[in-house]
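# Breakdown of the fold
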Amino acid sequence: MKIEVLGPGCPRCKLLESNVKKAIEDLKLKAELVKVSDISRFVEYGIMSSPALVVDGKVKVSGRVPEIDEIKKWLK
Amino acid sequence: MKVLADFFKKNWVLFLLFFSYLIIFLWQRQIGGFLSQELVQKIIGESVYNGWLSLVDYLSAHVLMCLVPAFFIAGAINSLIGTGTILKYLSGKTKKWLAYIIAAVGGFFLEVCSCTILPLFAGIWKKGAGLGIAITLLYAGPSNNVVTLMMTGQRIGWQFAFFRLFFSISFAIIIGLFMEFLFRKERYEKGDLVVEESKLSLKGVKSKMFWAVLFSLLIVGTAPIPSNIKYIAVASFATVQIAMTFLWLKKEERTAWWNETIRFTSDIIPLLILGVFLAGTFTHMIPKEQFQKIAGKNTLLANFVAVGFGAIAYFPALVEVPIAENFMKLGMSQGPLMAYMLADPVLSLQGMLIISKMIGKKKMLVYVGSVVVLTVLAGYFYGMMV
């Protein structure tokens, strides 16, 4: 599974990244976590507001930081 | 203990504010007695002392009364309305004229810093409504928002604040249309943008009342009315607001609102405190006469220098207000002051580099050129008018 956290480096993006990490640890998943800060990649996914979470090429959330439980639902 | 630690970690900005006010309260009442103000001035030096005094002045009660409701409004807009409601108008499916207006005014309701504006810009340009509207948003986004408007009005003057708002909304549209016209031959790819719709449980009359009371709180907190009437009005509006929040909003919505408000506050307050202090300290070191020679009169050159300074110097959101206030105290004329306030949030070297990488040097130069020309002229004419 490939998980991408998109954000130019704002505090909310870091919060999303740490939430995702916790979710991965809790579920004991084998997943590849990538941080994307290149804005042209955002456009490719059609993402306008950061931070955003993309799981296996599908945009799950954009523009807000979801809670850990919400992230777990998408990773299962 | 863990709950307490978590609470502190999330809400540390509240403690920061609390201690700042405690120290200022003690200072103003000279508690301790032995630390006389003259002695403090001698120990820390005149410039640092001046920085401290401007901080005390800034964190006064009337600033708090307008900032706190503004933070809650910004938080509510972000968490309860959601950016999606506004962004869907910019995704390319709306009428062009409406999209321009939404992009120019929407910045007022979207809390955008330079860090969130760039993905927005790139998305709207490449896959949404096009270059012109993206430029409009790029210009209007960082300069207009509830908090900056209130702060500018409170510290520099309401006439000034409203003219600044008027100028930046109209310039946003003018520059957007100009660039759309200039580069009309270039095509952009069409595509779908991800827009998250909000799912607010408030609807109809309830929703109208909720927002009406929230904005009344801001207006009453800021309005120049006698303080005893003001405190009563603020307290009663706040009570109604709290009651509505607990009766009508779902628990998740309340948490989301609180979290957004706290996040917004912790993004801005520490930098603002530092900015006010440093601005007060350093402007005290600037020789007044030389400063007035450059910026004391409303000339085209003075306006140009003010815009240039705004472009070179980079200050975090909202810190441009104390900087401008200090310039005003040093004797800057109203025209250059307006030019500076219009240019500073929009132009920065770092921003220009990133934009140029995205849209190319030619478009970037046209954009920056039109911003410079319009802001210099606006400052000049505003200075002649007042």
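Residues numbered from 1 in each chain as written. Chains lettered and ligands numbered in written order. Predicted model: local features only at pLDDT ≥ 70, side-chain atom pairs only at ≥ 80, totals over all residues.

### Comments concerning the overall build of chain A
Along chain A, the regular secondary structure elements total three helices and four strands. If you list the helices and strands of chain A from N to C, you get β-α-β-α-β-β-α. For 76 residues, the compact-globule estimate of 2.2 N^0.38 gives 11 Å, and the C-alpha radius of gyration of chain A, at 11 Å, lies within 12% of that figure. Taking the principal axes of the C-alpha coordinates as reference, chain A spans close to 30 × 25 × 15 Å. Taking all 76 residues of chain A together, the buried fraction comes to 37%. Long-range pairs, those at least 24 residues apart, make up 67% of the contacts in chain A with a sequence separation of at least 6. (Helix = DSSP H or I, 4+ residues; strand = E, 2+ residues; numbered from the N terminus. Rg over C-alpha atoms; globule rule 2.2 N^0.38 Å. Buried ≥ 20, exposed ≤ 12 C-beta atoms within 10 Å, placed from the backbone. Contact = placed C-beta atoms within 7 Å.)

### So, the overall build of chain B
Of the regular secondary structure elements, chain B holds 19 helices and zero strands. Along the three orthogonal principal directions, the C-alpha set of chain B runs to about 75 × 60 × 40 Å. For chain B, with 386 residues in total, the buried portion stands at 43%. Relative to all contacts within chain B whose residues are 6 or more apart in sequence, the contacts with residues 24 or more apart total 85%.

### Focus on the sheet that holds strand β3 (residues 52-55) of chain A
Residues and elements named next belong to chain A. Here four strands make up an open sheet; going across it, the order is β2-β1-β3-β4 and the pairing mixed. The sheet terminates laterally at β2 (32-36) and β4 (58-62), the two strands that pair on one side only. Each strand of the sheet is rotated relative to its neighbour by a mean of 20 degrees, with strand direction disregarded. Summarising the sheet, strand β1 (residues 2-6) and β3 pair through four bridges and their orientation is antiparallel. Residue pairing across strands places Leu-6 opposite Ala-52, the latter belonging to β3. Against the sheet, helix α1 (residues 11-27) makes contact with β1, β2 and β3, and its axis sits at roughly 160 degrees relative to β1, the strand it touches most. (Pairing = 2+ DSSP bridges. Axes fitted to C-alpha atoms, helices over the stretch in contact; angles between N-to-C directions.)

### Some points on the nonpolar core
Residue and element names in this part refer to chain B. Formed by 116 residues in total, the largest nonpolar core has its most connected members in Ala-70, Leu-90, Ile-124 and Leu-137. With 11 residues, the top contributor of residues to this core is helix α4 (residues 61-81). When sequence neighbours within four positions are dropped, the list of residues in contact with Ala-70 reads Val-146, Val-147, Met-150 and Leu-218. (Core = buried A, V, L, I, M, F, W, Y, C linked by C-beta atoms within 7 Å.)

### A look at the confidence of the model for chain B
Detailed reading of the predicted coordinates is not advisable wherever pLDDT falls low. Residue and element names in this part refer to chain B. Confidence in the prediction of chain B, expressed as mean pLDDT, is 85, and 93% of residues score 70 or more. Considering each helix and strand of chain B separately, the mean pLDDT is smallest for helix α5 (residues 83-87), with a value of 73, and largest for helix α19 (residues 361-385), with 95. On the interface metric, ipTM, the complex scores 0.75, and its pTM is 0.83. (pLDDT = per-residue confidence, 0-100.)

### Quick word on the interface of chain A and chain B
Accessible area lost upon the coming together of the parts serves often as the stated size of an interface. With 14 residues of chain A at the contact, the number on the chain B side is 19 residues. Put simply, the parts of the chain that give the side of chain A that touches chain B at least two residues each are α2 (39-45) and β4 of chain A. Here the residues of the side of chain A that touches chain B are counted per class, giving nine nonpolar, five polar and no charged. (Nonpolar A, V, L, I, M, F, W, Y, C, P; charged D, E, K, R; others polar.)

### Remarks on the environment of B:Glu38
Along the chain, the position of B:Glu38 falls in helix α2 (residues 37-44). Once the C-alpha coordinates of B:Glu38 and B:Tyr49 are considered, the two residues, 11 residues apart in sequence, prove to be 9.9 Å apart.

### Some words on the domain arrangement of chain B
One can read the domain layout of chain B as domain 1 (2-58) and domain 2 (82-198 + 286-385). Each of domain 1 of chain B and domain 2 of chain B has a C-alpha centre, and the two are 34 Å apart. (Domains from an automatic or database assignment.)

### What to know about the packing of helix α18 (residues 349-359) of chain B against α19(B)
All names here are of chain B. Taken N-terminus to C-terminus, the directions of α18 and α19 make an angle of 135 degrees; their axes are 7 Å apart at the nearest point. As judged from the angle between their axes, α18 and α19 are oblique. On α19, the residues touching Met-352, Ile-355, Ser-356 and Ile-359 of α18 are Lys-361, Lys-363, Met-364 and Val-368. The residue makeup of the contact of α18 with α19, split by class, is five nonpolar, one polar and two charged. (Parallel < 35°, antiparallel > 145°, perpendicular 65-115°, else oblique.)

### Some thoughts on unusual backbone geometry
All names here are of chain A. The residue Lys-28 is not glycine, and still its phi comes out positive at about 50 degrees. Looking at the element boundaries, Lys-28 is found in the loop between α1 and β2. The exposed category is assigned to Lys-28, around which 6 C-beta atoms lie within 10 Å. One non-glycine residue with positive phi stands out, namely Asp-56, at about 50 degrees. With respect to the helices, strands and loops of the structure, Asp-56 is situated in the loop between β3 and β4. Of the residues examined, Asp-56 has 11 C-beta atoms within 10 Å and is grouped as exposed.

### Focus on the pairing of β2(A)
Residues and elements named next belong to chain A. The pairing of β1 with β2 spans five bridges and is parallel. In the sheet register, Val-5 faces β2, and the bridge partner there is Lys-35. Handedness of the crossover joining β1 and β2 through α1 is recorded here as right-handed. (Right-handed = clockwise from strand over helix to strand, strands pointing away.)

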